[in-house]
Amino acid sequence: MGNVFQTERELRFGDCDISGTAYFPSYLSMLNGVNEEFWGRIGYPWHQIMTKDRWGTPTVHLSCDFSKPSFFGETLIFDLAVTRIGRSSVTFRHRIRCKDELRWTSKQVLAASDLDTHASKKWPEDVRQALREWWVEEEDLDF
């Protein structure tokens, strides 16, 4: 079994509505930043793969369940687990919490895409191997 990637984000003023509650489009922007950080951690920073290698990882499916609101100034903990690696796709499960309190979860599918043809492409074997190191059985997750 692989690891769960974990990082934190503080809710800033611009992430919230007038009441100080996190605004869901900001959540998705944060999630994108977490994904970018994960790809960098496994050795494939987006600035390199997109500009030099000419491939990307667009989201092709995203579902979210929001449990409790989050507020300006809180620090959110993002857990990312790789639960499926396909020929040209990968499934991430996300758990977002503040301290030990669940705030929201997400299931996201990303696809390997050639940036010049805009067609899906098979994962290069080195990328597939890097993703395998983070793979977790979905049944083993508590989120």
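Coordinates for the structure precede this section.
This report concerns the structure included in the present document. Note that this is a predicted model, so its numbers are computed, not measured.

Quick notes on the rules
- Residues numbered from 1 in each chain as written.
- Predicted model: local features only at pLDDT ≥ 70, side-chain atom pairs only at ≥ 80, totals over all residues.
- Heavy atoms only, no water.
- Salt bridge = Lys/Arg side-chain N within 4 Å of Asp/Glu carboxyl O.
- Helix = DSSP H or I, 4+ residues; strand = E, 2+ residues; numbered from the N terminus.
- Core = buried A, V, L, I, M, F, W, Y, C linked by side-chain atoms within 4.5 Å.
- Buried < 20%, exposed > 50% of the residue type's maximum accessible area, 1.4 Å probe, protein only.
- Contact = heavy atoms within 4.5 Å.
- Phe/Tyr/Trp six-rings, centres within 6.5 Å; stacked < 30°, edge-to-face > 60°.

Going through the model one piece at a time under the given rule, you end up with 11 salt bridges. For Asp 116, the salt bridge identified is with Arg 54, shortest N-O distance 2.9 Å. Here Asp 116, found in the loop between strand 7 (113-114) and helix 3 (125-132), pairs with Arg 54, found in the loop between helix 2 (46-51) and strand 2 (55-56); they are 62 residues apart in sequence, far enough to count as distant. Glu 125 is the partner of Arg 132 in a salt bridge, and the nearest nitrogen-oxygen pair spans 3.3 Å.

Grouped burial of nonpolar side chains is what soluble globular proteins tend to show. Core analysis: the biggest nonpolar cluster contains 31 residues, and Phe 38 and Trp 39 have the highest contact counts within it. Listed by contribution, the elements that provide at least two residues to this core are helix 1 (24-41), helix 2, strand 4 (75-85), strand 5 (89-98), strand 6 (101-111) and helix 3. With six residues, helix 1 is the single largest residue contributor to this core. In contact with Trp 39, other than residues within four places in its own chain, are Tyr 44, Pro 45, Trp 46, Trp 55, Thr 57, Val 90, Phe 92, Leu 110, Trp 123, Val 127 and Leu 131.

Two aromatic rings, taken as a pair, are described by how far apart their centres are and by the angle between their planes. In this structure the tally under the stated criterion is 16 aromatic pairs. Aromatic side chains Phe 13 and Phe 72 sit 5.9 Å apart centroid to centroid with 75° between the ring planes, which places their arrangement in the edge-to-face category. Of this pair, Phe 13 sits in the loop between strand 1 (5-10) and helix 1 while Phe 72 is found in the loop between strand 3 (59-66) and strand 4, placing the two residues 59 residues apart along the sequence. By relative accessible area, which is 68% here, Phe 13 ends up exposed. Here Phe 72 falls in the partly exposed class, since its relative accessible area comes to 48%.

In this fold, Ser 88 is placed in the loop between strand 4 and strand 5. Apart from the residues within four sequence positions on either side, Ser 88 is in contact with Leu 110, Ala 111, Ala 112, Ser 120, Lys 121, Lys 122 and Trp 123.

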